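Per-entry structural report
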There are 2 protein chains.
Amino acid sequence: MVGLSFKVTHEDASDSRAGELTTPHGTLETPTFFPVATYGAVRGLAPWELRDARVQGVLCNTYHLHLRPGETTVASLGGLHQFLDWNGPILTDSGGFQLHSLDRYARVDESGVRFQSPIDGSRYFLSPESCIGIQEALGADLIVILDQFEPAETASAGAQGRAHACVERTLRWAARCREAQRRQDQWLFGIVQGGGFADLRQESASRTAALEFPAYAVGGLGLGESSEERLRLLTASLAPLPRTVPRYAMGIGKPEDLVEMVTRGVDLFDCVLPTRHGRHAAAYTGEGKLQLRNARFAGDPEPLDASCDCRCCRHFSRGYLHHLFKVGESLAGSMLSLHNIRYYMRLLASLRHAIATGSSSLWLERWRAGQRVPEACLTAEAAAASPA
Amino acid sequence: MVGLSFKVTHEDASDSRAGELTTPHGTLETPTFFPVATYGAVRGLAPWELRDARVQGVLCNTYHLHLRPGETTVASLGGLHQFLDWNGPILTDSGGFQLHSLDRYARVDESGVRFQSPIDGSRYFLSPESCIGIQEALGADLIVILDQFEPAETASAGAQGRAHACVERTLRWAARCREAQRRQDQWLFGIVQGGGFADLRQESASRTAALEFPAYAVGGLGLGESSEERLRLLTASLAPLPRTVPRYAMGIGKPEDLVEMVTRGVDLFDCVLPTRHGRHAAAYTGEGKLQLRNARFAGDPEPLDASCDCRCCRHFSRGYLHHLFKVGESLAGSMLSLHNIRYYMRLLASLRHAIATGSSSLWLERWRAGQRVPEACLTAEAAAASPA
């Protein structure tokens, strides 16, 4: 592959690691988090605002972009990077998750997925081969196979049988996706599934690993299962995977999830939570999660988060933001989205730094004790050392 | 008054002039345009984006801020400048226009205006005195008297009588507003009214001028009357006013209106058009007004306006913006708002430059012939000279 590499730069007593993922659009430091730009824009935020929050990469949704404006249009406008003016790494998902959500609008068989557009009812067919073709036309740096999955929380009768069938089909589709890949400048992620069954996940992981993908994703988590269950299933999913390649937890998650999963060896995350919460007036801060619509913030002159260096915290008071939410000014949602994204970036930067300085166990101890200012979880020595 | 002054720096063969208006929050070059930040935010745009578009000042609506969050809250958060993080000049209107629009929710008599909040039905009373009190608590640099008005387009029976009564009442309220003023660091604008009657406007202007305000606004225009009629009424309104003080055309307007009014001697404008049009996908460009939802922009790789230096034009294609509007991403509306504001700022900067270099008649000739790239209206000599 051209211009793609991954290097674990620091390992830890736990399974955490810090690394560098190089793509044709730059190198990013792992563990890291990609905000979601579903239709090619992170809701309400311009790319220079993301860069200012030190975002390293973004995720776009293949399914949404395939429907509108279509990969041909994106390609004719120079591909995703030029389309959304993001010159850093971009990841596209495969659409598997959205097709699962489409439910009765989609029919799946071995050849692929037939579905109707919820926008205009027109008919589509997505196969492993066309899914790769679409992602190649879109032109992200990191792409994923088409998968079929059973959510982890399923405990109903027949769930194990369905989860097993999904794993088998995903393995066959994984091989077809590899076969279909033409571009040499994109890394294709295999996907581990297996629903709520640890042994099935372990099998899925080891058989996916046998296909020798350059990177692996874990899917089907974060969909309602308990946090303990999630970590148990994640651990089973990661165990058989090679330690030398990137591991990506799809659609994860809350700050707590990110931290715990980093200690299990995850390198990459994406999630809509920071932007969705931001639009709904919820902010992650050093004091925990705040709901800015709450009357107690009316007239509050303090910044959203005194520990934060984002533009929202440097420029606006909680009282102003509260007011903007009350009167329905969209600037408020954009600003809280920006702040939340910056919180995620600070969280992972601080954790990376702890891993690089061998002090992640104290970092974790402080975090688990309730410290929510990421930098305050570092030891004095780590804080004094220059960032890795 | 403290820290406030106005200087006409260049006059022209026409009535146009270029000047400098100094306020406690900086000096601005006139003629200029203030975008509208109704509730303390220009819809969808952060203050640093406005500064980047070289906006010099903004207008906030007293009526809206009085209802939510209330001037006491704004004052407790440090006043308007700190509230919205705008360290440049700010103008507040008096609420007169909004109360006129409230219609059946408002009852006006000599003492002031009784009205019910359309938000929660609670009762309010706005007098000339409380209007000044509110604007002093908000803390803008430029404030205006409470007025009552008859729109210029009224040609119905009794319109002249109503317009006359409005002029008389506005004159009495003007005197009461002056009397009520306490702060020495805000300039209070008198307002010329007179509906659709040139002689009445002339009378309103000369009697308002006799009250010796430091600056004057012209109200009741841009509400449906023809463009010719508007300019005729504006000319009548301006003639009796001193030439040494700033003149402000309230709520105006389209780019064409701004240009024609500058040639009649207006120094200051405000209007919701650039942001409202932007949210509705309409853009002012060197090619005229474009509707970005139009199918012909799908897949168009060109920038919105090749002559523009705003962030939207530097970073995005028309095809991308078209797509964002189609899928309902709010970033598109913010970006077109920003572009339109920058277009207004370029328009007035170029016209200022033409006035300062004595070449405004050729500028106007080119503009009236349909040239819509503001800088291309300048003569070669003016374009080569450093900006005034």
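Residues numbered from 1 in each chain as written. Chains lettered and ligands numbered in written order. Predicted model: local features only at pLDDT ≥ 70, side-chain atom pairs only at ≥ 80, totals over all residues.

Let's shift gears to the overall build of chain A. When helices and strands are tallied, chain A shows 16 helices and 16 strands. Scaling as 2.2 N^0.38, a compact globule of 388 residues should have a C-alpha radius of gyration of about 21 Å, and chain A matches this with 21 Å. Judged by the C-alpha coordinates and their principal axes, chain A covers about 60 × 50 × 45 Å. Buried positions account for 56% of the 388 residues belonging to chain A. Contacts in chain A between residues at least 24 apart in sequence constitute 68% of all its contacts with a sequence separation of at least 6. (Helix = DSSP H or I, 4+ residues; strand = E, 2+ residues; numbered from the N terminus. Rg over C-alpha atoms; globule rule 2.2 N^0.38 Å. Buried ≥ 20, exposed ≤ 12 C-beta atoms within 10 Å, placed from the backbone. Contact = placed C-beta atoms within 7 Å.)

All right, on to the pairing of strand 8 (residues 112-116) of chain A then. On a regular strand, one side chain projects to one face of the sheet and the next to the other, so that they alternate. All names here are of chain A. Here strand 7 (residues 106-109) pairs with strand 8 via four bridges, running antiparallel. Within the sheet, the bridge partner assigned to Asp109 lies in strand 8 and is Gly112. Once strand 7 ends, the chain turns through two residues before running back antiparallel as strand 8. As judged from the four bridges shared by strand 8 and strand 9 (residues 123-126), these two strands associate in the antiparallel manner. Of the residues in strand 9, the one forming a bridge with Val113 is Leu126. A loop of six residues connects strand 8 with strand 9, the two strands running antiparallel in sequence, and Gly121 in this loop sits at a positive phi of about 75°. (Pairing = 2+ DSSP bridges.)

Here we take up unusual backbone geometry. In the segment running from Arg68(A) into Pro69(A), the intervening peptide bond is cis, with an omega of 5°. With respect to the helices and strands, the residue Pro69(A) is situated in the loop between helix 2 (62-67) and helix 3 (71-76). At Glu212(B), a residue that is not glycine, the phi angle is positive and equals roughly 55°. Summarising the element assignment, Glu212(B) is placed in the loop between helix 8 (198-209) and strand 12 (215-218). Positive phi, close to 75°, is recorded for Ala281(B), a residue that is not glycine. By the element assignment, Ala281(B) lies in the loop between helix 11 (273-279) and strand 15 (282-285). Exposure remark for Ala281(B): the 20 C-beta atoms within 10 Å place this residue in the buried category.

This brings us to the interface of chain A and chain B. At the interface, 32 residues of chain A touch 32 residues of chain B. For the side of chain A that touches chain B, the elements supplying multiple residues, two or more each, are helix 3, helix 13 (318-327) and helix 14 (330-356) of chain A. The biggest single contributor to the side of chain A that touches chain B is helix 13 of chain A, with six residues. In terms of residue class, the side of chain A that touches chain B is built from 16 nonpolar, eleven polar and five charged. (Nonpolar A, V, L, I, M, F, W, Y, C, P; charged D, E, K, R; others polar.)

Superposition record for chain A on chain B: RMSD 0.0 Å, screw rotation 180°, translation along axis 0.0 Å. In short, the pair behaves as if placed about a two-fold rotation axis. Interface overlap between copies is the fraction of interface residues in one copy that are interface residues in the other; for chain A against chain B it reaches 100%, indicating a shared surface. (Least-squares fit on C-alpha atoms with pLDDT ≥ 70 in both.)

Time to look at the environment of Lys254(B). Residue and element names in this part refer to chain B. If you trace the backbone, Lys254 turns up in the loop between strand 13 (247-249) and helix 10 (255-263). For Lys254, a count of 17 C-beta atoms within 10 Å puts it in the partly exposed group. For the pair Lys254 and Arg176, spaced 78 residues apart in sequence, the C-alpha to C-alpha distance is 33 Å.

Before going further, it helps to spend a moment on the sheet that holds strand 1 (residues 5-11) of chain B. Residues and elements named next belong to chain B. Read across the sheet, three strands follow the order 1-2-3 without closing on themselves; strand pairing throughout is antiparallel. Only two strands of the sheet have a single neighbouring strand rather than two, namely strand 1 and strand 3 (26-30). Going across the sheet, the axis of each strand differs from the next one's by a mean of 15°, ignoring polarity. In terms of strand pairing, strand 2 (residues 17-23) meets strand 3 through five bridges, oriented antiparallel. Looking across to strand 3, one finds that Glu20 is bridged to Glu29. The sheet strands contacting helix 14 (residues 330-356) are strand 1, strand 2 and strand 3, and the helix crosses strand 2 at an angle near 115°. (Axes fitted to C-alpha atoms, helices over the stretch in contact; angles between N-to-C directions.)

Before going further, it helps to examine the domain arrangement of chain A. Put simply, an interface is often sized by how much accessible area is lost when its parts join up. Residue and element names in this part refer to chain A. Per the domain assignment, the segments of chain A are domain 1 (5-30 + 61-271) and domain 2 (278-384). Of the residues lining the interface, 13 residues belong to domain 1; the matching set on domain 2 comes to twelve residues. Elements represented by at least two residues in the side of domain 1 that touches domain 2 include exactly strand 2 (17-23) and helix 10 (255-263). Counting residues per element, the side of domain 1 that touches domain 2 draws most heavily on helix 10, which supplies five residues. Residue classes in the side of domain 1 that touches domain 2 are distributed as six nonpolar, four polar and three charged. (Domains from an automatic or database assignment.)

Okay, helix 9 (residues 227-238) of chain A next. For helix 9 of chain A, with twelve residues, the first-to-last C-alpha span of 16 Å sits near the 16 Å given by 1.5 Å per residue. For helix 9 of chain A, the elements touching its buried residues are strand 11 (187-192), helix 8 (198-209), strand 12 (215-218), strand 13 (247-249) and helix 10 of chain A. (Expected span 1.5 Å × (residues − 1).)

All names here are of chain A. Most of helix 10 sits inside the fold, with eight of its nine residues counted as buried. Buried within helix 10 are the following residues: Pro255, Asp257, Leu258, Val259, Glu260, Met261, Val262 and Thr263. Just past helix 10, the residue Gly265 takes up positive phi, approximately 105°.

Turning to the pairing of strand 14 (residues 268-271) of chain A, a few remarks are in order. Residue and element names in this part refer to chain A. The side-chain alternation of strand 14 yields two buried faces, one formed by Leu268 and Asp270 and the other by Phe269 and Cys271. Looking at chain direction, strand 4 (residues 32-35) and strand 14 are connected through four bridges and run parallel. Directly across from Phe33, in strand 14, lies its bridge partner Phe269. Sheet topology note: the strand 13/strand 14 ladder contains two bridges and is parallel. By the bridge assignment for strand 14, Tyr248 is matched with Leu268. With helix 10 bridging strand 13 and its parallel neighbour strand 14, the resulting β-α-β unit is right-handed. (Right-handed = clockwise from strand over helix to strand, strands pointing away.)

Now for the confidence of the model for chain A. Scored by pLDDT, chain A has a mean of 95; 99% of the residues are at 70 or more. Across the assembled chains, the prediction reports ipTM 0.97 with pTM 0.97. (pLDDT = per-residue confidence, 0-100.)

Attention now moves to the sheet that holds strand 1 (residues 5-11) of chain A. Residue and element names in this part refer to chain A. Read across the sheet, three strands follow the order 1-2-3 without closing on themselves; strand pairing throughout is antiparallel. Since the sheet does not close on itself, it has two edges, and those belong to strand 1 and strand 3 (26-30), each with one partner. Neighbour-to-neighbour, the strand axes of this sheet turn through a mean angle of 15°, independent of strand direction. Alignment of strand 1 against strand 2, held across six bridges, turns out to be antiparallel. In the strand pairing of strand 2, Lys7 is matched with Glu20. Across the sheet, helix 14 touches strand 1, strand 2 and strand 3, and the angle it forms with strand 2 is around 115°.

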